[in-house]
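Below are the chains, spelled out letter by letter.
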Amino acid sequence: QVQLVESGGGLVQPGGSLRLSCAASGIMFRIYAVGWYRQAPGKQRELVADLTRAGSTNYADSVKGRFTVSRDNAKNTVYLQMNSLKPEDTAVYYCYARYGNEYWGQGTQVTVSL
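Remember, predicted model here, so these are calculated numbers, not experimental data. (Residues numbered from 1 in each chain as written. Predicted model: local features only at pLDDT ≥ 70, side-chain atom pairs only at ≥ 80, totals over all residues. Heavy atoms only, no water.)

A. Fine view of the overall build of the protein chain. For the protein chain, the helix and strand inventory stands at zero helices and 11 strands. Its helices and strands in sequence order give the protein chain the pattern β-β-β-β-β-β-β-β-β-β-β, from N to C terminus. What you see for the protein chain is a C-alpha radius of gyration of 13 Å, in line with the 13 Å of a compact globule of 114 residues. By principal-axis analysis of the C-alpha atoms, the protein chain measures approximately 40 × 25 × 25 Å. Looking at the 114 residues of the protein chain, the share that counts as buried comes to 44%. Partitioning the intrachain contacts of the protein chain with sequence separation of at least 6 by distance along the chain shows that 53% fall at a separation of at least 24. (Helix = DSSP H or I, 4+ residues; strand = E, 2+ residues; numbered from the N terminus. Rg over C-alpha atoms; globule rule 2.2 N^0.38 Å. Buried < 20%, exposed > 50% of the residue type's maximum accessible area, 1.4 Å probe, protein only. Contact = heavy atoms within 4.5 Å.)

B. Inspection of the environment of alanine 40 at higher detail. Of note, alanine 40 is situated in the loop between strand 4 (33-39) and strand 5 (46-51). Between the C-alpha atoms of alanine 40 and glutamine 109, which are 69 residues apart in sequence, the distance is 9.7 Å. What alanine 40 contacts, discounting residues up to four positions off in sequence, is Thr90 and Ala91.

C. Structural view of the state of the cysteines. Across all of its chains, the model carries one disulfide by this definition. With its sulfur 1.9 Å from that of its partner, cysteine 22 forms a disulfide with cysteine 95. Of note, the bridge from cysteine 22 to cysteine 95 carries an S-S torsion of about 40° and is right-handed in sense. Here cysteine 95 lies in strand 9 (residues 91-99) and cysteine 22 lies in strand 3 (residues 18-25), a separation of 73 residues in the sequence. (Disulfide = S-S within 2.5 Å.)

D. Broad picture of the environment of alanine 23. By secondary structure assignment, the location of alanine 23 is in strand 3. A residue is classified by how much of its surface remains accessible, and alanine 23, at 37% relative accessible area, is partly exposed. Discounting residues that sit within four places of it in the chain, alanine 23 has contacts with Gln3, Leu4, Val5, Asn76 and Thr77.

E. Main features of unusual backbone geometry. In the Ramachandran plot, asparagine 76 falls in the positive-phi region, its phi being about 50° despite a non-glycine side chain. Relative to the helices and strands, asparagine 76 resides in the loop between strand 7 (67-72) and strand 8 (77-82). According to the relative accessible area criterion, asparagine 76 is partly exposed, its value standing at 25%.

F. Spotlight on the sheet that holds strand 3. Overall, antiparallel pairing links the four strands, which are arranged 1-3-8-7 in an open sheet. The strands lining the two open edges of the sheet, one partner per strand, are strand 1 (3-7) and strand 7. Looking at each pair of strands side by side, their axes are set apart by 15° on average, direction ignored. (Pairing = 2+ DSSP bridges. Axes fitted to C-alpha atoms, helices over the stretch in contact; angles between N-to-C directions.)

G. Up close: the packing of aromatic side chains. The full count for this structure, using the stated rule, is five aromatic pairs. When the ring of tyrosine 32 is compared with that of tyrosine 103, the centres are 6.5 Å apart and the planes differ by 45°; the resulting orientation is tilted. Taken together, the residues span a long stretch of sequence, with tyrosine 32 in the loop between strand 3 and strand 4 and tyrosine 103 in strand 10 (residues 101-104) at a distance of 71 residues. Aromatic side chains tyrosine 37 and tyrosine 96 sit 4.7 Å apart centroid to centroid with 45° between the ring planes, which places their arrangement in the tilted category. (Phe/Tyr/Trp six-rings, centres within 6.5 Å; stacked < 30°, edge-to-face > 60°.)

Take it as geometry only, folks, not as evidence of what the structure does.
Rendered as structure tokens:
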């Protein structure tokens, strides 16, 4: 059974930081590309960050320089470090793991507001 369990979402003020975590099970984590999507109210789902099995990264222009995706294969976990957060970063964030098929987490709410 494949499971991706996210944690770390919450409310943060503009300019603040947050780190999201996603623990995977039921897959050979090491061989999967991993990353994060987000979906804001009234907007289309957006690819935030992608990390391949070889370590290559791809970021949305809107988050480049502020967000960092990383993985710990020993812990079967993917992270998203979010710095200098803006109100427009408010969204539900979903982690994924992809190796042909793609699996999603349940989503975690990130709200950036005063």
